[in-house]
Amino acid sequence: MSPSFGNPFVRCRCGLACLERIHRRPWMKFLPSLRFYRCSRCGKRQLASKRAVRGAVIARRSSQSGR
């Protein structure tokens, strides 16, 4: 396991479209623009912008429907 795996500020390589929202820890409420997510592929927990994740999910869906 890499040292960044436990760091919620470092994103995994799977991409934002694979993230599932989970409950934040109390200290994370000091970062209101970020949400706490878990990657559905690798399991890494990470903080990310709600807007960025939503944009990635929309882009992924539109690329899948355009096939």
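Residues numbered from 1 in each chain as written. Predicted model: local features only at pLDDT ≥ 70, side-chain atom pairs only at ≥ 80, totals over all residues. Heavy atoms only, no water.

Caption draft 1: How the structure looks around the overall build of the protein. If you tally the helices and strands in the protein, you get one helix and three strands. In the protein, the succession of α and β elements from N to C terminus is β-β-β-α. Seen through its C-alpha atoms, the protein measures out along the principal axes to roughly 40 × 30 × 15 Å. Looking at the protein residue by residue over its 67 residues, the buried ones come to 22%. Here the contacts in the protein between residues at least 6 apart in sequence split such that 38% fall between residues at least 24 apart. (Helix = DSSP H or I, 4+ residues; strand = E, 2+ residues; numbered from the N terminus. Buried < 20%, exposed > 50% of the residue type's maximum accessible area, 1.4 Å probe, protein only. Contact = heavy atoms within 4.5 Å.)

Caption draft 2: Molecular detail of the nonpolar core. With eight residues, the main nonpolar core is built from C12, L16, C18, L19, Y37, C39, A48 and V53. Excluding anything up to four places from it in sequence, Y37 contacts L19, E20, R21, I22, K44, R45, Q46, A48, S49, K50 and V53. (Core = buried A, V, L, I, M, F, W, Y, C linked by side-chain atoms within 4.5 Å.)

Caption draft 3: Representation of the packing of aromatic side chains in the model. Taken as a whole and judged by the stated rule, the model has one aromatic pair. Both rings, one in F9 and one in W27, keep their centres 6.2 Å apart while their planes meet at 45°; by these two values the pair is tilted. Of this pair, F9 sits in the segment before β1 (19–21) while W27 sits in the loop between β1 and β2 (34–39); the two residues are 18 residues apart in sequence, bridging distant segments of the chain. Accessibility expressed as a relative area gives 40% for W27, which makes it partly exposed. (Phe/Tyr/Trp six-rings, centres within 6.5 Å; stacked < 30°, edge-to-face > 60°.)

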